[in-house]
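Here are the chains, one letter per residue:
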Amino acid sequence: MAMTKDFLYNQFKRNIEAGKLQYGVAQEIPSAEVAEILATTEYDWLFVDGEHGAHDIRSIVEIARTIEAYNMTPVVRIPEAGTGILKQYLDSGIHNIIIPKVESGEEVEQIMYWASYAPRGNRGMGAGAVRAGRYGRITDYLERINDEMCILPQIESRKGIENLEAIASVEGIGGVFLGPIDLAVDMGHSLNIFHPEVEEAMEYAIKRIRELGVPVGTIALTPEQAKRFADLGASFLGLGADTQFLVQAADTALATFKSSIGK
């Protein structure tokens, strides 16, 4: 039976390369139902947080399959870089991967080595038999994957900011993701991402990465902050999370009913 969709084509990567702002939402809960609820909104990408959320490869693939029917792209943050985990996620058809706490160009070169086939890298060839190549039905997978995969090193420390140009200049990365919360902690400002030093570092990072011709994204906590990041040149933004929405809605509903009842 012929496939009716090009499962390898990476719309998220094309849009951020074109500077078309992509709105995203994070998913911490490992649930296909939660993913589908979020996919029926108008967010462009689903930030599946495999670093802090309770996800594993099975839940992530289930989430990816679930949202495939909707106009939303999965972007997965893995716990840490490694040849095994990158191979497994890429072979599972996850094309957009965020790598946390990257602090040097050498680290990115190593990540791209693990994620790439020879002659650049050492990724093992198994995609033709698994979901990545749709079980052998994507016959040109090997020829196309370098253009379709989107590896996104995440800068979230002082050292990462210091080595920003080397990180962003590695050939083949899809973009750079900035983590303002960890950056604030690393700078000694607790969770205050609005501290002037953190805001200055974020402004510098977004502008410089864009000057290098590389897409850049981050998270924003307020609409005002999101607008500022977008005006500076960010092309993909994470705006809230499933757990955050659930807590806020639950608290608001209870407070509203209590206020109405008066007891």
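To keep things clear, this report deals only with the structure shown in the data block. The structure displayed is predicted, hence computed values, not measured ones.

1. A word on the pattern of salt bridges
On inspection of all chains with the given rule, the structure shows 17 salt bridges. Taking the shortest distance from any N to any O, the salt bridge between Arg14 and Glu148 comes out at 2.8 Å. Of this pair, Arg14 sits in helix 1 (residues 11–17) while Glu148 sits in helix 6 (residues 141–148), and the two are 134 residues apart along the sequence. Put simply, Lys207 and Glu203 hold a salt bridge, and the shortest N to O gap is 3.0 Å. Taken together, the residues span about one helical turn, with Lys207 and Glu203 both in helix 10 (residues 196–211) at a distance of four residues. In this structure Lys207 comes out as partly exposed when scored by relative accessible area, which is 38%.

2. Description of the packing of aromatic side chains
Scanning the entire structure with this criterion turns up seven aromatic pairs. Between the aromatic rings of Trp45 and Phe236, the centroid separation amounts to 5.8 Å while the plane-to-plane angle is 75°, which identifies the pairing as edge-to-face. With Trp45 in strand 2 (residues 45–49) and Phe236 in strand 8 (residues 236–241), the pair connects residues that are 191 residues apart, well separated along the chain. Side by side, Trp45 and Phe236 carry an identical accessibility label, which is buried. Here the aromatic rings of Phe47 and Phe177 are separated by 5.4 Å at their centres, their planes lie at 75°, and the arrangement is edge-to-face. With Phe47 in strand 2 and Phe177 in strand 6 (residues 176–178), this residue pair connects regions lying 130 residues apart in the sequence. The same class applies to Phe47 as to Phe177, namely buried. One aromatic cluster in this structure is built from Phe12, Trp45, Phe47, Phe177 and Phe236. Over the aromatic face of Phe7 sits the side chain of Arg134, whose NZ or CZ is 4.0 Å from the ring centroid.

The rules behind the values
Residues numbered from 1 in each chain as written. Predicted model: local features only at pLDDT ≥ 70, side-chain atom pairs only at ≥ 80, totals over all residues. Heavy atoms only, no water. Salt bridge = Lys/Arg side-chain N within 4 Å of Asp/Glu carboxyl O. Helix = DSSP H or I, 4+ residues; strand = E, 2+ residues; numbered from the N terminus. Buried < 20%, exposed > 50% of the residue type's maximum accessible area, 1.4 Å probe, protein only. Phe/Tyr/Trp six-rings, centres within 6.5 Å; stacked < 30°, edge-to-face > 60°. Lys NZ or Arg CZ within 6 Å of the ring centre and 35° of its normal.

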